[in-house]
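Commentary on secondary and tertiary structure
This is what each chain is made of:
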Amino acid sequence: VLTTDQGEPVRFFDDMIKDKIVAILFIYTSCPDVCPLETAQMVKVQNLLGERVGQDVFFYSISIDPEVDTPEVLASYKKRFGARWMHLTGDEQEIIEIRRKLGLYIEDRDGGELNHNVNLIIGNQTTGRWMKRSPFESPHVLADQIGNWLTGWKIASTRDADYSNAPALRQVSDGEKLYRTRCQSCHTLDGRDPENAIGPDLLGVTFIRDREWLINWIRAPNEMLAKKDPIAMALFNQYNQLPMPNMRLNRDEVYAVLDHIEEVTRGKVSMPVSTEDATTQVMTSAELSPDGAAARSDESNLPRDSIGVMNSWIREAHPDAPTHAGYMVLVNVAREPLGITAITSADYETIEVHEMSSDSGMMKMRRIEEVVIPADGLFKLEPGAKHLMLKNPKRALRSGQVVDLLFTFDSGREQLVSVQVDTR
């Protein structure tokens, strides 16, 4: 007998396993490393399977630390992750016996840490098919294995296999491998924080955080939280008080992860064309230095007051709408702050930077008079927060059309940024 996160008793075999397709994890809520990653990964699988979870496939997380993990603690834990499946506790020895029978108990483990086998077991009791799987596998692969494989093998394709036109496989760096297996469960890397995110988007994070701070944070987040580091505490409170797990990475592995994040970031940054004496620069695809990274303004012939642009778009509006909204991430590639004094366009009467915020439960808009991008930093314009308010359009704009925006800096220099209209 186990106890659910709602305090209800259930029988492991008769109520949870019999005649069901299941995925079973063993976790504990105070785990500093793998358990949060396992749970975050399974939330992605849950979202891929959608309404099937709880109807024809069933997930279970069973605590290996029942003394601490009461039903109330488990209910709070699953809520913070957005997990919709049952979390359970029970008698410690009976849970150990379940783990032994499932092959997920390490008999001769020494040391003070809780006995924790980092494996997920999936199975179909009716057919007798059971498989161990790594929780760090691609969520799409896990969803396919749970949702399709366990219901019976599909009829083999009768088509002739022809691999003559198969695409060449690219080399995946060590940093990308680590990012996929350690970071991707909780973080996006595209400049957009999804709704109910359990960790911040990491695009451009190497611009806005001190590198040594990032290294220390990734290597030992539990220690930084214990020391009440102000940035660490702010992130902890912002993201449902879910602590960043300690992934046991060494310094070289951390370097590799940060290099991958920076490579992806720079690949998404449009940089100005580099020309001498030009006062207006047109945004194009990234201008690359020999090592593949976007050139810094102090390491090339780019003016020091230049911006890079990521994820720029103007939301398509009704033809009669008096205002449009624009979004982008502005990157300051110089080692000194950069002020923007004006943004103009032939397509709009005026353009302002506004911020949307909540005041006593009411959403209010205010104009931001001074826009300064910090040195080596980002300025995000995104839905629901700071954004461009483009007033009185002079033509009807449809998805796919391009609008040119002229940015004027505090030095007097100007730079042209081309932005596409989109319906996203």
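Up top you'll find the structure we're talking about.
Quick summary incoming for the structure in this document. If you're wondering where the values come from, they're calculated on a predicted model, not measured in any experiment.

The next thing to look at is the overall build of the chain. On a plain count of helices and strands, the chain comes out with 11 helices and 17 strands. Taking all 424 residues of the chain together, 46% fall into the buried category. Taking as baseline every contact in the chain between residues at least 6 positions apart, the subset at least 24 positions apart corresponds to 66%. Of the roughly 21,900 Å² of accessible surface on the chain, 49% is carried by carbon and sulfur atoms.

Right, let's talk about the nonpolar core for a bit. Counting residues in hydrophobic clusters, the biggest one holds 83 residues, and the most contacted among them are Ile24, Met42 and Ile146. Per element, the largest residue contribution to this core is 8 residues, and it comes from helix 2 (residues 34-49). Dropping the residues within four chain positions of it, Met42 is found in contact with Ala23, Leu25, Phe59, Trp85, Leu120, Leu142 and Ile146. Ranked by size, the runner-up nonpolar core spans 26 residues in total, among them Ile314, Leu330, Ile368 and Val421.

In this section: a negative patch on the surface. A cluster of like negative charges, contributed by Glu67, Asp91, Glu92 and Glu94, occupies part of the molecular surface. Its place among the elements puts Glu67 in the loop between strand 4 (58-63) and helix 3 (71-81). Relative accessible area serves as the criterion here: at 76%, Glu67 is assigned to the exposed category.

Next up on the list: the packing of helix 2 against helix 5 (residues 139-147). Close contact between helix 2 and helix 5 brings their axes to 9 Å; oriented N to C, the two are set at 60 degrees. Comparing the axis directions of helix 2 and helix 5 gives the class oblique. Note on packing geometry: the crossing formed by helix 2 with helix 5 is right-handed. Contacts from Gln41, Met42, Lys44, Val45, Leu48 and Leu49 of helix 2 reach helix 5 at Pro139, His140, Leu142, Ala143, Ile146 and Gly147. A per-class count over the contact of helix 2 with helix 5 returns 8 nonpolar, 3 polar and 1 charged.

Next up on the list: the side chain of Thr265. Along the chain, Thr265 falls in helix 11 (residues 251-267). For Thr265, a relative accessible area of 0% corresponds to the buried category. At 2.9 Å, the side chain of Thr265 and the backbone nitrogen of Gly204 are in polar contact. Only 2.9 Å separates the side chain of Thr265 from the backbone oxygen of Ile261, close enough to count as a polar contact. If near-sequence neighbours (up to four positions away) are discounted, Thr265 is found in contact with Leu202, Leu203, Gly204, Phe207 and Met310.

Okay, the sheet that holds strand 7 (residues 129-133) next. Backbone hydrogen bonds hold the strands of a sheet together, and the pairing may be parallel or antiparallel. Spatially, 7 strands are ordered 2-1-5-4-3-6-7 in an open sheet, and the strand pairing comes out mixed. Two strands lie at the open edges of the sheet, namely strand 2 (9-10) and strand 7, each paired on one side alone. The pairing of strand 6 (residues 120-124) with strand 7 spans 5 bridges and is classified as antiparallel. Pairing of Asn124 across the sheet is with Arg129, part of strand 7. Packing of helix 5 onto the sheet brings it into contact with strand 3 (21-27), strand 4, strand 6 and strand 7, and relative to strand 6 it is tilted by some 30 degrees.

When you line up the elements, Glu355 lands in strand 11 (residues 348-359). Residue Glu355 is classed as buried on the basis of its relative accessible area, which comes to 17%. Here Arg366 takes part through its side chain, which lies 2.7 Å from a polar atom of the side chain of Glu355. Once residues within four sequence positions are removed from consideration, Glu355 is found in contact with Lys364, Met365, Arg366, Ile368, Ala385, Lys386 and His387.

Moving on, we come to the pattern of salt bridges. By the definition in use, this model includes 14 salt bridges. With a shortest N-O distance of 3.2 Å, Asp56 and Arg52 are connected by a salt bridge. Note that Arg211 is salt-bridged to Asp259, the shortest N-O span being 3.4 Å. Linking Arg211 in helix 8 (residues 211-219) with Asp259 in helix 11, this pair joins segments that are 48 residues apart in sequence.

The next thing to look at is the layout of surface pockets. Estimates place the volume of the largest pocket at around 780 Å³. For the lining of the largest pocket, the secondary-structure elements that each account for two or more residues are helix 2, helix 3, helix 6 (174-183), helix 7 (205-208), helix 8, helix 9 (221-226), helix 10 (230-238) and helix 11. No other element matches the 4 residues that helix 8 contributes to the lining of the largest pocket. For the lining of the largest pocket, the per-class residue count stands at 29 nonpolar, 6 polar and 6 charged. Its boundaries defined by the atoms lining it, the second largest pocket holds a volume of some 410 Å³. Residue lining of the second largest pocket: 21 residues in total, with Val43, Asn47, Glu195, Asn196 and Ala197 positioned closest to the centre. For the lining of the second largest pocket, the secondary-structure elements that each account for two or more residues are helix 2 and helix 3.

The rules behind these values
Counting starts from 1 at the beginning of each chain's written sequence and moves along it residue by residue. At least 70 in pLDDT is required for a residue's local features to be given in this predicted model, at least 80 for side-chain atom pairs to be given and counted, and no such filter applies to totals for whole chains, interfaces and linings, which use all residues. Excluding hydrogens and water, the side-chain figures rest on all heavy atoms present in the structure. In DSSP terms, a helix is any run of H or I states spanning at least four residues, a strand is any run of E spanning at least two, and both are numbered starting from the N terminus. Classification of residues uses two cut-offs on accessible area relative to the type maximum, computed with a 1.4 Å probe and protein chains only: under 20% is buried, over 50% is exposed, and between them is partly exposed. Any two residues whose heavy atoms approach within 4.5 Å at even a single point are treated as in contact. All accessible-area figures derive from a Shrake-Rupley calculation using a 1.4 Å probe, and residue coverage is judged against the displayed protein chains alone. Nonpolar core, defined: a set of buried Ala, Val, Leu, Ile, Met, Phe, Trp, Tyr and Cys residues in which side-chain atoms within 4.5 Å join the residues together. Residues enter patches when they are more than 30% accessible in relative terms and free of salt bridges; like-charged ones are connected within 9 Å and nonpolar ones (Val, Leu, Ile, Met, Phe, Trp, Tyr) within 5 Å. Salt bridges are defined by distance alone: a side-chain nitrogen of Lys or Arg within 4 Å of a carboxyl oxygen of Asp or Glu. For the purpose of counting charges, residues Lys and Arg are taken to be positive, whereas Asp and Glu are taken to be negative. His and the chain ends are not included. Every charge is mapped onto a representative atom, which is NZ of Lys, CZ of Arg, CG of Asp or CD of Glu. Between the N-to-C directions of two axes lies an angle of 0 to 180 degrees, each axis being a line fitted to C-alpha atoms and, for a helix, fitted only over the stretch in contact. Reported orientations rely on four angle classes, namely roughly parallel under 35 degrees, roughly antiparallel over 145, roughly perpendicular from 65 to 115, and oblique for the rest. Each crossing is labelled by how the near helix is turned from the far one, with a counterclockwise turn of less than a right angle marking it left-handed and a clockwise turn marking it right-handed. Here the term charged refers only to Asp, Glu, Lys and Arg, the term nonpolar to Ala, Val, Leu, Ile, Met, Phe, Trp, Tyr, Cys and Pro, and the term polar to all other amino acids, Gly among them. In the analysis that follows, any N or O atom pair within 3.5 Å is treated as a polar contact, provided that within protein one partner can donate a hydrogen and the other can accept it, and provided that, for residues neighboring in sequence, both atoms belong to side chains. At least two bridges found by DSSP between two strands is the condition for calling them paired. The pocket and cavity definitions rest on a 1 Å grid over protein atoms only: a 1.4 Å probe that fits but cannot leave marks a cavity, an open set with protein on both sides within 12 Å along at least five of seven lines marks a pocket, and residues lining either have an atom within 4 Å of a point. Grid points are joined across faces, edges and corners, and a volume is the space filled by probe spheres set on the points.

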